[in-house]
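Structural features, examined
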Amino acid sequence: MNNEVFDGNYRFNLKDFLFKILAGSAQGILIGVLPSAILKYVLRPFIQSGMHWAISLNAILVLFSSFIPLLIGLAIAMQFKMKALDVGVLTIAVGAASGSIKWAVAPAGFVNPVSGLALKAPASVYIAAGAGDVINAMIVSAIGVLVIWLVYKYLWGFGALAIILSPLVIGGGVGLLGLTIAPVVGNVTTWLGNLVEYFTTLLPIPMSILIAMAFSFIIITPVSTVGIALAISLAGLGSGAAGVGVIATTVILLINSVKVNKKGTSIAIFLGAMKGMMPSVFKRPQMILSFLLTAAISAIPVALFNVQGTPTTAGFGWIGMVSPIQSSVMDTADKAFQTHTVSPMIAILVFFVVPIIAGLLSDFLFTKVIKLYKPTDLQQEL
């Protein structure tokens, strides 16, 4: 699609449409999740010491996660190069429909925790409630994009009344539709998460291997590992396995990158820029076998030591050291997802020692013995 303006003349291509939805979702999720996930352990000592700046900064960063549905809507609208009005309408519709901000009616006498004043009459209150339903945000975004396009195509974008009708009809209508389907979508995603959790309990080692291998591949595609984890509420053992899966790919990329690329590229990979290496990897897709083997080996100690995590840490790996730290530090905010922690030494073994050794062995096998790829295949600048 070469159209620069999103209107009734915009030509849809299913593949490109889905890619834009996925790419925008990934951007929105990462913007919302990364700040809090990376800094929450850094800020914790300062918060416990009662430092006001740390408490305020943490509150701001945590609020990022509650804005994830809005960020998804915003990023998807930007993918389609929408006008400012349409960007705002889609963003609010998705945010209202995806459960990250919930509202209820507070009775008279309810004390506002911010102002300290009691309500004289019943009033609506809004409560930030985590990241909401990411899958529903993606579905509502897709519906919103289609509705906005149809309005342009058949109703000329509401013409001079757009500033009034777009928020009412599109924002309110799409938001209400999304809110209506939210319970059904939520039940499906909860069912998927419970199914994965059930199988990891029933078959911990095989399921850990499968999850790790899946995430080792997903991290090198346009699909967001963090988004997938949040979408199905991947927690417990599954989250730990997903973390080492991401690390497995990181290790193989680093082993080869340091041999042929500038330091900046290798540092970027270590910091989380694995997706930036997609062009090189998919020129030599046989390299993916090395990711998968490393992930399979690395997943075994995850199951043996019952290494756990939460949905918000599953897709990170070494990024911000989120996965290793979460496995050994119980987060009271996420204790419903994580019921077990391991010692720091076990975390180092599982997230560093085993993946690095497994990566070196796998890379040696595929580059020196079988000779499926070579380090120069990964020569690329980020």
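Just so you know, these numbers come straight off a predicted model, no measurement behind them. (Residues numbered from 1 in each chain as written. Predicted model: local features only at pLDDT ≥ 70, side-chain atom pairs only at ≥ 80, totals over all residues. Heavy atoms only, no water.)

Quick look at the packing of helix 9 (residues 236–260) against helix 14 (residues 344–369) now. Contact geometry of helix 9 with helix 14 gives a least axis separation of 9 Å together with a crossing angle of 50°. Relative to helix 14, the element helix 9 lies oblique. Crossing hand, helix 9 versus helix 14: right-handed. Where helix 9 approaches helix 14, its residues Gly 240, Gly 243, Val 244, Ile 247, Val 251, Ile 252, Ile 255, Asn 256 and Lys 259 are matched on the opposing element by Val 350, Phe 351, Pro 355, Ile 356, Gly 359, Leu 360, Ser 362, Asp 363 and Thr 367. Taken together, the residues of the contact of helix 9 with helix 14 sort by class into 10 nonpolar, 6 polar and 2 charged. (Axes fitted to C-alpha atoms, helices over the stretch in contact; angles between N-to-C directions. Helix = DSSP H or I, 4+ residues; strand = E, 2+ residues; numbered from the N terminus. Parallel < 35°, antiparallel > 145°, perpendicular 65-115°, else oblique. Left-handed = near helix turned anticlockwise from the far one by under 90°. Contact = heavy atoms within 4.5 Å. Nonpolar A, V, L, I, M, F, W, Y, C, P; charged D, E, K, R; others polar.)

Another aspect to go through is unusual backbone geometry. Unusually for a residue other than glycine, Lys 81 sits at a positive phi of about 55°. Mapping Lys 81 onto the fold places it in the loop between helix 3 (68–79) and helix 4 (84–97). A positive phi angle is found at Phe 158, which is not glycine, with a value near 70°. Structurally, Phe 158 can be placed in the loop between helix 5 (134–155) and helix 6 (162–202).

In terms of domain boundaries, the protein breaks down into domain 1 (14–104 + 132–186) and domain 2 (202–378). Taking only C-alpha atoms into account, the centre of domain 1 sits 28 Å from that of domain 2. On the domain 2 side, the residues contacting the 15 residues of domain 1 number 18 residues. Summing both sides of the interface, domain 1 and domain 2 together bury roughly 1,300 Å²; the carbon and sulfur share of this comes to 75%. Counting across the domain 1 and domain 2 interface gives 0 salt bridges. (Domains from an automatic or database assignment. Buried area = accessible area lost by both parts, 1.4 Å probe. Salt bridge = Lys/Arg side-chain N within 4 Å of Asp/Glu carboxyl O.)

We now examine the pattern of salt bridges. By the definition in use, this model includes 3 salt bridges. A salt bridge links Asp 16 to Lys 20; the shortest N-O distance between them is 2.8 Å. Of the two residues, Asp 16 and Lys 20 both sit in helix 1 (residues 14–48), 4 residues apart, roughly one turn of that helix. A salt bridge links Arg 284 to Asp 377, with the shortest nitrogen-to-oxygen separation between them at 3.5 Å. Placement of the pair is Arg 284 in the loop between helix 11 (278–283) and helix 12 (288–304) and Asp 377 in the segment after helix 14, with a sequence separation of 93 residues. Arg 284 gets classed as partly exposed once you look at its relative accessible area, which sits at 31%. Of the residues examined, Asp 377 reaches a relative accessible area of 15% and is grouped as buried. Through salt bridges with shared partners, a single network forms among Arg 284, Lys 374 and Asp 377. (Buried < 20%, exposed > 50% of the residue type's maximum accessible area, 1.4 Å probe, protein only.)

Our focus in this paragraph is the side chain of Ser 239. By the element assignment, Ser 239 lies in helix 9. Looking at Ser 239, its side chain comes within polar contact range of the main-chain oxygen of Thr 310, at 2.9 Å. In contact with Ser 239, not counting residues within four places along its chain, are Leu 234, Gly 309, Thr 310, Thr 313 and Ala 314. (Polar contact = N/O pair within 3.5 Å; in protein donor to acceptor, adjacent residues only side chain to side chain.)

Turning our attention to helix 3. Between its first and last C-alpha, helix 3 extends 16 Å over 12 residues, near the 16 Å set by a 1.5 Å rise per residue. Of all 12 residues making up helix 3, 9 are buried, and the element is well covered by its neighbours. Listed as buried for helix 3 are Ile 68, Pro 69, Leu 71, Ile 72, Gly 73, Ala 75, Ile 76, Ala 77 and Gln 79. Tucked into the core, helix 3 has its buried residues touching helix 1, helix 2 (52–66), helix 4, helix 5 and helix 8 (225–231). Trailing helix 3 by a residue or two, Lys 81 shows a phi angle of about 55°, which is positive. (Expected span 1.5 Å × (residues − 1).)

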